[in-house]
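The lines below spell out each chain.
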Amino acid sequence: MSFYGTPIGIGPQYSLRYGISLPKILTQVVIASTQIFGRAFVEAYKNVSASAAANAGARGAMDAATRNTGMTVDEAELILNLKKAGDVHAVGREEIMKRYEHLFKANDPAEGGSFYLQSKIVRAKERLEMELDKDNNKQ
């Protein structure tokens, strides 16, 4: 059956008319697409490897106290509301303890507070104390 004189469907008449068989065409398509996806995969792997190497260098630059507590000095200052005060060293241990005690009591789970916030407050105090101890040991 034909529509305007062209055969409908691909079959034996296609290979006789154009000299190329359907299995050969499908094989070429599969090989070409495999090559394209293979190259794309190799390029993506190279990008991921380069990115991982760059991130490993950045993680290595992080100091031990930040790795141990999982908190930066800036984050600890924000939690204890010391950011407005300026440098941790200018504030001192007394002010850190004063803010710690106030926030710790305000977030007591027995009084309807949050255990999660209380633990963040403890970690913030520990991180700032580590920073003060680190700088005292240098002097």
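Residues numbered from 1 in each chain as written. Predicted model: local features only at pLDDT ≥ 70, side-chain atom pairs only at ≥ 80, totals over all residues. Heavy atoms only, no water.

- As annotated in an unreviewed UniProt entry, the protein is Mitochondrial import inner membrane translocase subunit TIM16 from Rhizoclosmatium globosum.
- As recorded by UniProt, the Sequence similarities (unreviewed entry) comment attached to the protein reads in full: "Belongs to the TIM16/PAM16 family."
- In the Subcellular location (unreviewed entry) part of its UniProt record, the protein is described as follows: "Mitochondrion inner membrane". (UniProt positions renumbered as here; feature names shortened; annotations may be inferred.)

## Quick notes on the nonpolar core
In summary, soluble globular proteins display a tendency toward joint burial of nonpolar side chains.
Phase 1 of the analysis: Counting 15 residues, the largest nonpolar core has Leu80, Leu82, Val88, Ile96 and Leu128 as the members making the most contacts within it.
Phase 2 of the analysis: Elements supplying a minimum of two residues to this core: helix 4 (73-79), helix 5 (88-91), helix 6 (93-106) and helix 7 (115-138).
Phase 3 of the analysis: In terms of residue count, the dominant contributor to this core is helix 7 (five residues).
Phase 4 of the analysis: Among all residues touching Ile96, those that are not within four sequence positions of it are Leu80, Leu82, Val88, Val91, Lys125, Leu128 and Leu132. (Core = buried A, V, L, I, M, F, W, Y, C linked by side-chain atoms within 4.5 Å. Buried < 20%, exposed > 50% of the residue type's maximum accessible area, 1.4 Å probe, protein only. Helix = DSSP H or I, 4+ residues; strand = E, 2+ residues; numbered from the N terminus. Contact = heavy atoms within 4.5 Å.)

## Quick look at the pattern of salt bridges
Phase 1 of the analysis: Using the criterion set out here, one finds six salt bridges in the structure.
Phase 2 of the analysis: When the shortest N-O distance is used, the salt bridge between Lys120 and Glu75 registers 3.5 Å. Linking Lys120 in helix 7 with Glu75 in helix 4, this pair joins segments that are 45 residues apart in sequence.
Phase 3 of the analysis: Here Lys120 falls in the partly exposed class, since its relative accessible area comes to 23%.
Phase 4 of the analysis: Salt-bridge contacts for Glu131 lead to Arg127; the nearest nitrogen and oxygen are separated by 3.1 Å. Of this pair, Glu131 and Arg127 both sit in helix 7, four residues apart, which is roughly one turn of that helix. Considered together, Glu131 and Arg127 belong to a single accessibility category, that of buried residues. (Salt bridge = Lys/Arg side-chain N within 4 Å of Asp/Glu carboxyl O.)

## Things to note about the environment of Leu80
Phase 1 of the analysis: Checked against the element boundaries, Leu80 lands in the loop between helix 4 and helix 5.
Phase 2 of the analysis: Those residues in contact with Leu80 that lie beyond four places of it in its chain are Ile96, Arg99, Tyr100, Leu103, Ile121, Ala124, Lys125 and Leu128.

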